[in-house]
Amino acid sequence: KAGVTQTPRYLIKTRGQQVTLSCSPISGHRSVSWYQQTPGQGLQFLFEYFSETQRNKGNFPGRFSGRQFSNSRSEMNVSTLELGDSALYLCASNYEGGNSPLHFGNGTRLTVT
Amino acid sequence: DQQVKQNSPSLSVQEGRISILNCDYTNSMFDYFLWYKKYPAEGPTFLISISSIKDKNEDGRFTVFLNKSAKHLSLHIVPSQPGDSAVYFCAFNFGNEKLTFGTGTRLTIIP
């Protein structure tokens, strides 16, 4: 079974631009979560989608948004990029959320210059 | 407000010895506790978990201990192997899909 796939692996953008990251969950998984990892901050929860609906949201500004499609694939968008948005963005999936362990992709490394 | 703390950013252990990684938390609503392991350029992988109704869970070389009164979680790896060198994150949740992660401990196993 293929794992969680994130594209692209690396991205360089300039301040003020916007970016869209993509995530394909493991086949059959319906819950997709997004996390931001920065040095010294660990992984910070962004949001979680299930059946095309956002169920949970972390403490990030409205510039961070996401969506989920009917095939469970998910995208996240960051608008008006700031230098502090430079981070590794990780997507994770599991069957239906709750306590079942998350399966993570390898992430998208975003650098904002 | 940091609800989860991994106070040791790094730890070095001799191969064959026991590695002990620690995590402290403040939110008493957490009821499910997990450990993830992360290699460079890869996403975290699930290692072991424990629910709040237990105080110990074992899986091969890995044992997780939960001390609810002290709000303390630990991971024991014995014997430690070179392939265990990675960053380890503790993670917590309370019945929803939002995991709260620690900042990670970089474990280095010395051959």
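Residues numbered from 1 in each chain as written. Chains lettered and ligands numbered in written order. Predicted model: local features only at pLDDT ≥ 70, side-chain atom pairs only at ≥ 80, totals over all residues. Heavy atoms only, no water.

A.B. asks: How should I be thinking about the overall build of chain A in this particular structure?
C.D. replies: The number of helices and strands found in chain A is zero helices and eleven strands. Put simply, chain A runs from its N terminus to its C terminus through helices and strands in the order β-β-β-β-β-β-β-β-β-β-β. Taking 2.2 N^0.38 as the reference for a compact globule, 113 residues should give roughly 13 Å; the C-alpha atoms of chain A span a radius of gyration of 13 Å, in line with that estimate. Dimensions of chain A, computed from C-alpha atoms along their principal axes, come out at roughly 35 × 30 × 25 Å. Residues counted as buried form 50% of the 113 residues belonging to chain A. By sequence separation, contacts in chain A at least 24 residues apart represent 55% of the contacts at least 6 residues apart. On chain A, roughly 5,300 Å² of surface is accessible, and the fraction owed to carbon and sulfur atoms is 46%. With 11 positive and 6 negative side-chain charges, chain A shows a separation of 5 Å between the mean positions of the two kinds. (Helix = DSSP H or I, 4+ residues; strand = E, 2+ residues; numbered from the N terminus. Rg over C-alpha atoms; globule rule 2.2 N^0.38 Å. Buried < 20%, exposed > 50% of the residue type's maximum accessible area, 1.4 Å probe, protein only. Contact = heavy atoms within 4.5 Å. Areas by Shrake-Rupley, 256 points an atom, 1.4 Å probe, with all protein chains shown as cover. Lys, Arg positive; Asp, Glu negative; His and termini not counted. Charge placed at Lys NZ, Arg CZ, Asp CG, Glu CD.)

A.B. asks: Even after reading the chapter, I still don't get the pairing of strand 5 (residues 42–50) of chain A, so can you show me in this structure?
C.D. replies: Here is the key point about a regular strand: its side chains alternate between the two faces of the sheet. Residue and element names in this part refer to chain A. Along strand 5, eight of the nine residues are buried, which leaves the element largely enclosed by surrounding structure. One ladder, built from eight bridges, connects strand 4 (residues 31–38) with strand 5; its direction is antiparallel. Across the sheet, the residue bridging to Tyr-35 is Phe-45, located in strand 5. Taken together, the four bridges between strand 5 and strand 6 (residues 53–57) define a ladder with antiparallel strand orientation. By the bridge assignment for strand 6, Glu-48 is matched with Asn-56. (Pairing = 2+ DSSP bridges.)

A.B. asks: What is the right way to look at a nonpolar patch on the surface in this model?
C.D. replies: Residue and element names in this part refer to chain B. Nonpolar side chains collect at one region of the surface, where Ile-18, Ile-20 and Val-78 lie side by side and expose about 230 Å² of accessible area between them. Tracing the backbone through its elements, the reader meets Val-78 in the loop between strand 8 (72–77) and strand 9 (86–93). Residue class for Val-78 comes out partly exposed when judged on its relative accessible area of 42%. (Patch = residues over 30% accessible without salt bridge, like charges linked within 9 Å, V, L, I, M, F, W, Y side chains within 5 Å. Salt bridge = Lys/Arg side-chain N within 4 Å of Asp/Glu carboxyl O.)

A.B. asks: Just checking my understanding: could you explain the sheet that holds strand 6 (residues 56–59) of chain B for this structure?
C.D. replies: Whenever strands of a sheet pair, they do so through backbone hydrogen bonds, lying parallel or antiparallel. All names here are of chain B. Pairing is antiparallel across the open sheet formed by five strands, whose spatial order is 1-3-8-7-6. Each end of this open sheet is capped by a strand with a single partner; those strands are strand 1 (4–5) and strand 6. Across four bridges, the pairing between strand 6 and strand 7 (residues 62–67) is antiparallel. Its bridge partner being in strand 7, Glu-58 is matched across the sheet by Thr-63.

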